[in-house]
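Chains, contacts and geometry: an overview
Listed below are the residues making up each chain.
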Amino acid sequence: MNPRNRDLLVLTKKEKLNQQELEQEIALLNDLFFRVESSEAYYIANEVIDVNRYKLITKLHKVKQILKEHKHKPFVFISNKN
């Protein structure tokens, strides 16, 4: 795993963290971000609304196929499930 350079603000209940504890927290956050920011997580968290065919597409492989198309049709929308 290659962690990206990013600015993180880590808030803890402890008043002070030693260097080892801070590095462990950052490693855990990088692991969490790696899993959450993957393309699979993006496809799972979104659905496609096709107004042309009056359909709501939620199946993972179909959502992936539609989002990877280079030419998108009009009135086809990506909606976040949250």
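Criteria and cut-off values
Residues numbered from 1 in each chain as written. Predicted model: local features only at pLDDT ≥ 70, side-chain atom pairs only at ≥ 80, totals over all residues. Heavy atoms only, no water. Core = buried A, V, L, I, M, F, W, Y, C linked by side-chain atoms within 4.5 Å. Buried < 20%, exposed > 50% of the residue type's maximum accessible area, 1.4 Å probe, protein only. Helix = DSSP H or I, 4+ residues; strand = E, 2+ residues; numbered from the N terminus. Contact = heavy atoms within 4.5 Å. Pairing = 2+ DSSP bridges. Axes fitted to C-alpha atoms, helices over the stretch in contact; angles between N-to-C directions.

Tyr 43, Val 48, Ile 57, Val 63, Ile 66 and Leu 67 form the largest nonpolar core, which has six residues in total. The leading source of residues in this core is helix H3 (residues 60–68), at three residues. Non-local contacts of Ile 57, meaning those with residues more than four positions away in its chain, are made with Glu 47, Val 48, Lys 62, Val 63 and Ile 66.

A few words now on unusual backbone geometry. Positive phi, normally seen in glycine, also occurs at Tyr 54, with a value near 55°. By the secondary structure assignment, Tyr 54 is in the loop between strand E1 (46–50) and strand E2 (55–57). A positive phi angle, close to 65°, is found at Phe 75, a residue other than glycine. Along the chain, the position of Phe 75 falls in the loop between H3 and strand E3 (76–80). Note on Phe 75: relative accessible area 52%, which makes it exposed.

Now for the sheet that holds E1. Taken in spatial order, the three strands of this open sheet run E2-E1-E3, and their pairing is antiparallel. What marks the edges here is a single partner per strand, and that holds for E2 and E3. Averaged over all adjacent pairs, the angle separating strand axes in this sheet is 25°, with direction ignored. Where E1 and E3 come together, five bridges link them in antiparallel fashion. Looking across to E3, one finds that Ile 49 is bridged to Phe 77. Relative to E1, H3 is tilted by about 70°, and along the sheet it contacts E1, E2 and E3.

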